[in-house]
Amino acid sequence: MTREGKVASPAGPLLDTLGRPLRDLRISVTDRCNFRCVYCMPKEVFGKDYAFLERKELLSFEEITRLARVFHGLGIEKIRLTGGEPLVRRNLEQLIEMLSGIEGLDLTLTTNASNLAKKARALKAAGLTRVTVSLDALDDPTFMAMNDVDFPVAKVLEGIDAAAEAGLAPIKVNMVVKRGMNETGILPMARYFKSRGHILRFIEYMDVGASNGWRMDDVVTAREIVETIDAEMPLEPADANYTGEVAERWRYRDGSGEIGVIASVTQAFCSDCTRARISTDGKLYTCLFATGGHDLRTLLREGASDAELAKRVREIWSLRSDRYSEIRSSKTIPIKKIEMSYIGG
Ligand code: SAM
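Residues numbered from 1 in each chain as written. Predicted model: local features only at pLDDT ≥ 70, side-chain atom pairs only at ≥ 80, totals over all residues. Heavy atoms only, no water.

A. Inspection of the packing of helix α1 (residues 61-73) against helix α9 (residues 306-318) at higher detail. Interaxial distance between α1 and α9 falls to 10 Å at its minimum, and their mutual angle equals 65 degrees. In the packing of α1 onto α9, the handedness of the crossing is right-handed. On the side of α1, the interface is formed by R66, L67, V70 and F71, while α9 contributes D306, L309, A310 and V313. (Axes fitted to C-alpha atoms, helices over the stretch in contact; angles between N-to-C directions. Helix = DSSP H or I, 4+ residues; strand = E, 2+ residues; numbered from the N terminus. Left-handed = near helix turned anticlockwise from the far one by under 90°. Contact = heavy atoms within 4.5 Å.)

B. Main features of unusual backbone geometry. The omega torsion of the bond from A169 to P170 falls at 0 degrees, within 30 degrees of zero and hence cis. Residue position: P170 is located in the loop between α5 (153-166) and β5 (172-177). Positioned with a positive phi, D150 is a non-glycine residue whose angle comes to about 60 degrees. Along the polypeptide, D150 turns up in the loop between α4 (140-147) and α5.

C. Representation of the pairing of strand β3 (residues 106-111) in the model. Counting buried residues along β3, 5 of its 6 residues qualify, which places the element largely inside the surrounding structure. Pairing geometry for strand β2 (residues 78-82) and β3, over 4 bridges, is parallel. If you follow K78 over to β3, its bridge partner there is D106. Following the chain from β2 across helix α2 (residues 92-99) to the adjacent parallel β3, one finds a crossover that is right-handed. When β3 meets strand β4 (residues 130-134), the two strands line up parallel, connected through 4 bridges. Within β4, the position partnered with L109 by the bridge is V131. Crossover β3 to β4 through helix α3 (residues 116-126) is right-handed. (Buried < 20%, exposed > 50% of the residue type's maximum accessible area, 1.4 Å probe, protein only. Pairing = 2+ DSSP bridges. Right-handed = clockwise from strand over helix to strand, strands pointing away.)

D. The pattern of salt bridges, seen in detail. Summed over all chains, the structure comprises 21 salt bridges. Taking the shortest distance from any N to any O, the salt bridge between R23 and E77 comes out at 3.5 Å. Residue R23 is located in the segment before β1 (24-28), and its partner E77 is located in the loop between α1 and β2; the two are separated by 54 residues in the primary sequence. Take E77: its relative accessible area is 45%, and that puts it in the partly exposed class. A salt bridge links R312 to E315; its shortest N-O distance comes to 2.9 Å. (Salt bridge = Lys/Arg side-chain N within 4 Å of Asp/Glu carboxyl O.)

Encoded structure:
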């Protein structure tokens, strides 16, 4: 496959109303998932009768690649494929191969790893740079209670090992911590991943979507998490790798690796947020907590040129003023938010 250049950008750097550039793009390739994590896609809401998108509503691989190129021309340096569960989208390797033709792109994927052992080598061969794996506990009773489909921990660990073997590194492992569900798993997770060369990151449970019945009391704060680990395995702060890095980095004092905490609730990082999201059906969202998106699929399907698409994205981004997490107090704001599985986690 040839390496193609950027679609030319007609004007200077693209900044929103708060001076934030557009750097990262998350693309949800499917709104479906084979897990029913109780805090994300609870069975009571995402049951047998739930109306997932129809195939024709999904962006095709060609449409996704075209948008990716347009966004790359506007300054995007990193693309993360997500969902839903991206590895349940058929032939995802083909999409990766198409995207890897865009020069200089950091191309990554967030997955529950249920299909990773099978797919890691093919994903790497197609041009995927690295993966982030979600894993909320190391013991089956807790993990199964959270994924709610009885999926065992061992299979996720197998997927992580396969990804490491395939060279999809550095591997990040994300654990969402919800009080009363899995906070007793913080130390076992830290002990397991310490020294294995993977970067474990703890995420504060967020009030995304409208299905999970979020309460501030359910949030185990990043501070609490760092203190818990530090008491057994001393930590020291490490510098951010780059401006806008969402995880606050902490290094083990004995030199055996690092962890990250993503304090999206208690230390909102809106002021550095350079992320846009494209939903499974081609709407552009400028915030994870957005109530509405901007339809790019219609433009694509009505024959808009690359320049017209770029102009529309410029218009949208330059008007962006979102800073939901900085405004939210201890109460979720009662607006109709979009589900994470659709907008892309
Ligand atoms: N299925 C893939 C996976 O499991 O990684 C990708 C999509 S999933 C929505 C992406 C990430 O969002 C997962 O790590 C998940 O734990 C996290 N997530 C979902 N709901 C969340 C919430 N309410 N608060 C914090 N993180 C959440």
